[in-house]
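# Secondary and tertiary structure notes
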Amino acid sequence: MSANLMRAALAAAARGWHVFPLRPGTKRPALHGETACPGTGPCAGGHRKWEDRATTDPDRIRAAWSRAPFNVGIATGPSGLLVVDLDVAKDRSSTDAPCGAATFAALCERTGQPVPRTRTVRTASGGSHLYFTAPAAVRLHNTAGTLAPLVDTRAWGGYVVAAGSLVDGALYETVGPALLRPLPAWLKTLLVPPHPVNRPPVAGPVAPAAGRHRPYVAAALARETNAVAAAREGQRNATLLRAGRALGRFVASGDLPRTVVEDALQGAGESAGLPAAECRATLRSALDWSISRNHTGAGVAA
């Protein structure tokens, strides 16, 4: 078993994909997290997460996989990959529930595109991973349900379990065409978030409602949006929560429409690597909390 997993890790690395060990039989990284970082070895200069420590070095791979039957994780960002994850419904009680493959096929049909054929890995749960080379001109991050229900993507900030790994006794294996294709242009268009952090700099972020506080409000919106987009792992959700609470008072005063704040911070949160659903939930909680405490009874957008 250990020999097979080592071969899987070396085969992925030979393709230029950066690998790191996952706990035997699971999808969880085997490397320590930020809170348990000893500050020694590779982390002597500061904590290095699995994305930073993933490697293509055969000697490092042999040394790591000789210690235990680790599953193989591929850090998609450093590997230049964008992987579309077509999941299956967690509740298997209903046979009518569509799977990720079905909702993705429906998306392709709506956009007038064929379902892409590229390197595909069948997952332990019965889903599929579609591998694409990521576009060089834009830095894509993970998404969760942005394209369609049960359709996620993994890019910078994410990883996938490599073919050859075993989870709960089920094998991840390559099926269908083995040729790796570039990410289709239409998919790239859908995955580039339409928010300020992915656009060239302009004179200001989003123009708030006119009023005597406009310069200060615009500066606050830009400052909080940039803080969320630049937040590091382990601090992203808390930074998003603080930003929502800080800007919620401008929604309460009527200086900013709620949709402007939500769009800007949602985009920044996703750009930083937070899942879309997590961003929405955090923003809703933060804005509701702030608006309820800053409500003046007049000028609040419905």
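Residues numbered from 1 in each chain as written. Predicted model: local features only at pLDDT ≥ 70, side-chain atom pairs only at ≥ 80, totals over all residues. Heavy atoms only, no water.

Across its full length, the protein chain carries nine helices and twelve strands. Counting the 302 residues in the protein chain, one finds 41% classified as buried. Intrachain contacts of the protein chain at a sequence separation of at least 6 include 73% that bridge at least 24 residues. Entry remark: accessible area of the protein chain is about 15000 Å², with carbon and sulfur atoms responsible for 54%. (Helix = DSSP H or I, 4+ residues; strand = E, 2+ residues; numbered from the N terminus. Buried < 20%, exposed > 50% of the residue type's maximum accessible area, 1.4 Å probe, protein only. Contact = heavy atoms within 4.5 Å. Areas by Shrake-Rupley, 256 points an atom, 1.4 Å probe, with all protein chains shown as cover.)

The strand order across the open sheet built from three strands is β1-β2-β8, with neighbouring strands paired in antiparallel fashion. Strands with a single pairing partner mark the edges of an open sheet, and in this sheet they are β1 (19-22) and β8 (159-161). Direction aside, neighbouring strands of the sheet carry axes that sit 35° apart on average. Sheet topology note: the β1/strand β2 (residues 71-75) ladder contains four bridges and is antiparallel. When the sheet's bridge partners are listed, Leu-22 is paired in β2 with Asn-71. Those strands touched by helix α1 (residues 2-14) are β1 and β2, and its axis lies near 15° from that of β2. Along the sheet, helix α3 (residues 58-65) contacts β1 and β2; its crossing angle with β1, the most-contacted strand, is approximately 5°. (Pairing = 2+ DSSP bridges. Axes fitted to C-alpha atoms, helices over the stretch in contact; angles between N-to-C directions.)

For the structure on display, the rule yields five salt bridges. Its salt-bridge partner being Asp-152, residue Arg-154 comes within 4.0 Å of it at the nearest N-O pair. Classification of Asp-152 as buried rests on a relative accessible area of 15%. For the salt bridge of Asp-288 with Arg-258, the shortest nitrogen-to-oxygen distance reads 2.9 Å. Pair noted here: Asp-288 is in helix α9 (residues 276-294) and Arg-258 is in helix α8 (residues 258-272), with a separation of 30 residues, a long-range link. On the basis of relative accessible area, Arg-258 is assigned to the partly exposed category, the value being 23%. Taken together, the shared-partner salt bridges in this structure form one network comprising Arg-258, Glu-262 and Asp-288. (Salt bridge = Lys/Arg side-chain N within 4 Å of Asp/Glu carboxyl O.)

For the rest of this paragraph, the subject is the packing of aromatic side chains. Enumeration over the complete set of coordinates arrives at five aromatic pairs. Ring centres of Phe-20 and Trp-50 lie 5.2 Å apart, and the angle between their planes is 20°; on these two criteria the pair is classed as stacked. Residue Phe-20 is found in strand β1, and its partner Trp-50 is found in helix α2 (residues 50-53); the two are separated by 30 residues along the sequence. Taking the relative accessible area as the measure of exposure, Phe-20 reaches 1% and is therefore buried. Measuring from ring centre to ring centre gives 4.9 Å for Trp-50 and Tyr-159, while their planes differ by 75°; the resulting arrangement is edge-to-face. With Trp-50 in helix α2 and Tyr-159 in strand β8, the pair connects residues that are 109 residues apart, well separated along the chain. Among the aromatic residues, those joined into a cluster by ring pairs are Phe-20, Trp-50 and Tyr-159. The ring of Trp-50 has Lys-49 sitting right over it, with the charged end atom 4.4 Å from the ring centre. For Arg-245, the ring lying beneath its charged end belongs to Trp-289, and the centroid distance is 4.1 Å. (Phe/Tyr/Trp six-rings, centres within 6.5 Å; stacked < 30°, edge-to-face > 60°. Lys NZ or Arg CZ within 6 Å of the ring centre and 35° of its normal.)

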